[in-house]
Amino acid sequence: MTTPAAAADYQSDISGLICAFRFAGGGPAAEIASPAVADLLARAAEAGAGDGGDDGAFLWLHLNLSQAGCVRWLQAHLNLPETFIGMLGADAHSTRIEQHEGTLVAVFNDVIFDFDRTPAQVSTLWACAHRKLLVTLRRKPLRSLDRLREHVRRGEPFGSPAELLTHLMRDQADLMIEIVRKASVDVDAIEDHFLAARGGPGRLDLAATRRVLVRLQRTLAPEPGSVFRLLARPPAWLRPRDVQELRESTEEFSVVLGDMAGLVERIKLLQEEMAARLDEQNNRTLFTLTLVTVLALPINIMAGLFGMNVGGIPLSDDHHGFWIICLLVAAFTGFVAWLAFRRRRMG
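Residues numbered from 1 in each chain as written. Predicted model: local features only at pLDDT ≥ 70, side-chain atom pairs only at ≥ 80, totals over all residues. Heavy atoms only, no water.

### Comments concerning the overall build of the protein
- Tallying secondary structure elements over the protein gives ten helices and seven strands in all.
- Within the protein, the proportion of its 347 residues that are buried is 41%. (Helix = DSSP H or I, 4+ residues; strand = E, 2+ residues; numbered from the N terminus. Buried < 20%, exposed > 50% of the residue type's maximum accessible area, 1.4 Å probe, protein only.)

This is the structure in structure tokens:
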């Protein structure tokens, strides 16, 4: 069973500590209260053995980077690489996981927890893992990270910090699958309406969905180069099982990205088909307006000529002049209409 943490307001803590877990013996994690974390880290530093033993135990510390004293607390209680400390707070344009000084340093872009319709807002998660420690930091609540925390609290066992990172990557891949699945359902509905020749705001919805998918594909996808370099030269403390799981999670990401790219291409083709149909409708409307203008041209010419009220107007003294002019206008209008429709059929 997971040991409950003592009552403590993590969010108001000066360190920004949100939660802390201790894993040992391959069993469920024990949640640690905020005041006990600093003492545990101090005893581990004095023992000089990570967390004080070689039984495979390790810690997971999850912190809120928006707290002003978070970075100072990290520098005071943990020996983290300067590279990792330097990248904290900087926005990442893509997800990557690298090795620095024998430590795994990861930057994940994740979807903010409270999105309503489209997951357009993303935020950054920073992670640093060693043999006995995993540190994660974020500014806003993230969906994949909250999923991982729920898995830990339900008692799912983890054998190493790298296994937690791999699980986080798989949760992120699962989240992307959900996004692609929901977007596919929306695209299916829009496509059905389009093929049934029913109107609706399909073009605007498609544009919004495509914009969100392209942004997520660009920001959530891990950089292949960083992952391949890590798999080629993993840290010495990384177990072969962890390397294999990292490789499998990377392959899962590749599959999800392929599905997302396919959906984006499908949306693009549907947008082009909608644009072609709209152009066809505009062409028909323009032809109708042009035809009406052409058909009205003879009578307008006749009205202009005979309305000048000058001398010498033909048929002005003929009792049948009006009907003669009407026949001439009708004949000329019919000829113009025949000529217009003939050119349209030939075109």
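### Brief notes about the confidence of the model for the protein
- Mean pLDDT over the protein: 78, with 87% of residues reaching 70 or higher.
- Throughout residues 1-12 the model reports pLDDT below 50, and contacts reaching past four residues in sequence, or to other chains, amount to 32 contacts.
- Low pLDDT (under 50) marks residues 114-118, which in the prediction has four contacts with non-local residues, meaning those over four places away or in another chain. (pLDDT = per-residue confidence, 0-100. Contact = heavy atoms within 4.5 Å.)

### Let's talk about the UniProt feature "transmembrane region" (unreviewed entry) in the protein
- In the UniProt entry, the feature "transmembrane region" (unreviewed entry) is given for residues 286-308 and 320-341.
- Taken end to end, residues 320-341 has its terminal C-alpha atoms 32 Å apart, with 95% of it in helix and 0% in strand. (UniProt positions renumbered as here; feature names shortened; annotations may be inferred.)

### Focus: the pairing of strand β5 (residues 103-111)
- Within β5, nine of the nine residues are buried, which leaves it mostly tucked inside the rest of the structure.
- Neither face of β5 is left uncovered, since the one carrying Thr-103, Val-105, Val-107, Asn-109 and Val-111 and the one carrying Leu-104, Ala-106, Phe-108 and Asp-110 both have all their residues buried.
- Sheet analysis places strand β4 (residues 96-100) next to β5, joined by five bridges and oriented antiparallel. When the sheet's bridge partners are listed, Ile-97 is paired in β5 with Ala-106.
- Of the pairings in the sheet, the one linking β5 to strand β6 (residues 122-129) comprises eight bridges and is antiparallel in character. Directly across from Asp-110, in β6, lies its bridge partner Ser-123. (Pairing = 2+ DSSP bridges.)

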